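Okay, here's what each chain looks like letter by letter:
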Amino acid sequence: MTMPAAIDAVREAFIGLTAGEFDLPPRHAFSDSRSLVMAVHHRPTGSTAVKVVSIEVERDPVIAGTVVFSHPDGQFVTDAVPLTTLRTGAVVGVATDLLAEEDASHLALLGAGAQAADQVRAVHSVRPLKKLVVFNRNAKKAEALLEGLRDELPDTVMDVAAGAEEAVESADVVCCATASTVPLFSCAALKERVHVNAIGSYRPVMRELPQELLATAEVVVVDQVEAALSEAGEIIRAVNSGVLRLEALVELGAALGNPPLRQGRTVFKSVGVAVQDWAVARLLA
């Protein structure tokens, strides 16, 4: 499956979510979010996707699990790992296409784990990259990531940054894909016009973004408000401290129907919702 096809499918799914086409119960998390169960039902097609995964940060791969796509004609079962990286990349592609400047061409990627390559592919699909800078605490992993992407991005200048703030300082788009519990950079390190995606944190104790960015961004888009308030540490902290108004959060499906202005700093925070799994599993099936 190509990344552009996945992006289109995920975009349509979020529009359908806003239109009320899905039954989407909250994600079940067990053992301090090391075991997750996500389910969704699409009423128009009578199809259901259920994903069961375990997450162990010290394990390689971090994610292990299975996705079952059930529809009136039968079932399709697939590995959750490549599907999760693909659908997470795809939603970043949707958000970047919506919120980044039309001429954005410089991506800073923070994190070089399993999600990283599809983050790059997604941004490149909607904003062809002239420059890619990666920062990872283990520089060898960042170098290996870039080496693996060279054939796919032959016209892109690639580099490994010595620090997160150095990586983001001149970027048009920033992607955060880490397990950090503290902000990765200061708001002052960013350009005045930049789009930031954050997909790494999925527990209340995790954070990748500084509060000042959430407080001053032109728009903060989330995949789903309910999910963000339950799982996104930076969103929870910003709302509870009063620097980010709850009413200011915009769900992705709503933003697609009424695109915000591309100006200043924009943010997309995703914890992942099951409609993404459904969209990609449906294509695979």
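The structure reproduced in this document is the subject of the present report. (Residues numbered from 1 in each chain as written. Predicted model: local features only at pLDDT ≥ 70, side-chain atom pairs only at ≥ 80, totals over all residues. Heavy atoms only, no water.)

A look at the overall build of the chain
Then comes step 1: Within the chain one finds ten helices and 14 strands.
Then comes step 2: Since a compact globule built from 285 residues should have a radius of gyration of about 19 Å, the 18 Å found for the chain is in line with a globular shape.
Then comes step 3: Viewed in the frame of its principal axes, the chain has a C-alpha envelope of about 50 × 45 × 35 Å.
Then comes step 4: Across the chain, contacts joining residues at least 24 apart in sequence account for 67% of those joining residues at least 6 apart.
Then comes step 5: Of the roughly 12,200 Å² of accessible surface on the chain, a fraction of 51% belongs to carbon and sulfur atoms. (Helix = DSSP H or I, 4+ residues; strand = E, 2+ residues; numbered from the N terminus. Rg over C-alpha atoms; globule rule 2.2 N^0.38 Å. Contact = heavy atoms within 4.5 Å. Areas by Shrake-Rupley, 256 points an atom, 1.4 Å probe, with all protein chains shown as cover.)

Remarks on the packing of helix α1 (residues 3-18) against helix α2 (residues 80-99)
Then comes step 1: The N-to-C vectors of α1 and α2 enclose an angle of 75 degrees; their axes lie 8 Å apart at closest approach. Considering their axes alone, α1 and α2 lie roughly perpendicular with respect to each other. For the pair α1 and α2, the contacting residues are Met 3, Ala 6, Ile 7, Val 10, Arg 11 and Phe 14 in the first and Leu 86, Gly 89, Ala 90, Val 91, Gly 93, Val 94 and Asp 97 in the second.
Then comes step 2: In the contact of α1 with α2, the residues fall into nine nonpolar, two polar and two charged. (Axes fitted to C-alpha atoms, helices over the stretch in contact; angles between N-to-C directions. Parallel < 35°, antiparallel > 145°, perpendicular 65-115°, else oblique. Nonpolar A, V, L, I, M, F, W, Y, C, P; charged D, E, K, R; others polar.)

Remarks on the pattern of salt bridges
Then comes step 1: One pass over the structure, following the stated rule, counts 18 salt bridges.
Then comes step 2: Its salt-bridge partner being Glu 231, residue Arg 27 comes within 2.1 Å of it at the nearest N-O pair. Of this pair, Arg 27 sits in the loop between β1 (22-23) and β2 (28-30) while Glu 231 is found in helix α7 (residues 225-231), placing the two residues 204 residues apart along the sequence.
Then comes step 3: Looking at Arg 27, the relative accessible area reads 16%, which means it is buried.
Then comes step 4: When the shortest N-O distance is used, the salt bridge between Glu 152 and Arg 121 registers 2.9 Å. Of the two residues, Glu 152 is situated in the loop between α4 (139-149) and β9 (157-160) and Arg 121 in helix α3 (residues 116-126); the sequence distance between them amounts to 31 residues. (Salt bridge = Lys/Arg side-chain N within 4 Å of Asp/Glu carboxyl O. Buried < 20%, exposed > 50% of the residue type's maximum accessible area, 1.4 Å probe, protein only.)

Description of the layout of surface pockets
Then comes step 1: Volume-wise, the largest pocket comes out at about 1,100 Å³.
Then comes step 2: What lines the largest pocket is a set of 41 residues, and nearest its centre among them are Val 62, Gly 113, Ala 177, Thr 178 and Ala 179.
Then comes step 3: When contributions to the lining of the largest pocket are tallied by element, the ones reaching two or more residues are β3 (35-42), β4 (47-55) and α2.
Then comes step 4: Grouping the constituent residues of the lining of the largest pocket by class yields 20 nonpolar, 14 polar and seven charged.
Then comes step 5: As a volume, the second largest pocket reaches approximately 220 Å³.
Then comes step 6: Along its surface, the second largest pocket is lined by 16 residues, and Pro 25, Pro 26, Arg 27, Ala 227 and Glu 231 are the ones closest to its centre.
Then comes step 7: Put simply, the parts of the chain that give the lining of the second largest pocket at least two residues each are β3 and α7.
Then comes step 8: At four residues, α7 tops the list of elements feeding residues into the lining of the second largest pocket.
Then comes step 9: A class-by-class count of the residues in the lining of the second largest pocket yields ten nonpolar, three polar and three charged. (1 Å grid on protein atoms, 1.4 Å probe; cavity = no way out; pocket = protein on both sides within 12 Å on 5 of 7 lines; lining within 4 Å. Points joined across faces, edges and corners; volume = space filled by probe spheres on them.)

Quick notes on empty space enclosed by the protein
Then comes step 1: Applying the stated criterion across every chain, the model contains one cavity of 30 Å³ or more.
Then comes step 2: Reported here for the largest cavity is a volume of approximately 40 Å³.
Then comes step 3: In terms of residue class, the lining of the largest cavity is made up of three nonpolar, four polar and three charged.

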